[in-house]
Amino acid sequence: MKISYKWLKELVDFDIEPFALGEMFTSLGFELEEIIDFKAKYDGFVTAKVVGKKPHPDAGKLWLCRLEYGDNSQVVVCGAPNVELGQIVILGLEGATVPGGGFKLGK
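Residues numbered from 1 in each chain as written. Predicted model: local features only at pLDDT ≥ 70, side-chain atom pairs only at ≥ 80, totals over all residues. Heavy atoms only, no water.

A. Summary view of the nonpolar core. Membership of the largest hydrophobic core is limited to nine residues, which are Ala 48, Val 50, Cys 65, Leu 67, Tyr 69, Val 76, Cys 78, Val 83 and Leu 91. With three residues, strand S2 (residues 63-69) is the largest single contributor of residues to this core. When neighbours within four sequence positions are excluded, Val 83 is seen to be in contact with Val 50, Lys 53, Trp 63, Cys 65 and Cys 78. (Core = buried A, V, L, I, M, F, W, Y, C linked by side-chain atoms within 4.5 Å. Buried < 20%, exposed > 50% of the residue type's maximum accessible area, 1.4 Å probe, protein only. Helix = DSSP H or I, 4+ residues; strand = E, 2+ residues; numbered from the N terminus. Contact = heavy atoms within 4.5 Å.)

In structure tokens, the structure reads:
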């Protein structure tokens, strides 16, 4: 059975890091197969809001989209035909490694 750390914290009030909690469960006799740290897996990825969109000047099927995330804003080239203003999207920042693909994102 897989249990989300965040879900468990909603049910029980505790202040123990995930790996320490795993050690505690093991010491109590509960079998623990693995702890998956999704935060590390998706390091360098953020949610961003599309606040601007215009056609790419040199490519007919691409868009230049202005994205805002936190206090930051940046323009990215986008090939998705369904991107719209106001959408919340996933943005891979420069240097992030794509899970499953194993390659780093660049400019």
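B. Examining the sheet that holds strand S4 (residues 88-92) more closely. With antiparallel pairing, four strands are arranged side by side in an open sheet as S3-S2-S1-S4. Strands at the two margins of the open sheet, each flanked by one partner only, are strand S3 (72-78) and S4. Direction aside, the axes of adjacent strands within the sheet are offset by 45° on average. The sheet contact formed by strand S1 (residues 45-55) and S2 spans six bridges and is antiparallel. Directly across from Gly 52, in S2, lies its bridge partner Arg 66. (Pairing = 2+ DSSP bridges. Axes fitted to C-alpha atoms, helices over the stretch in contact; angles between N-to-C directions.)

C. Quick look at the confidence of the model for the protein. Of all residues in the protein, 100% have pLDDT values of 70 or greater, and the mean over the chain is 91. Per-element averaging of pLDDT across the protein places helix H3 (residues 38-41) at the bottom with 81 and S2 at the top with 97. (pLDDT = per-residue confidence, 0-100.)

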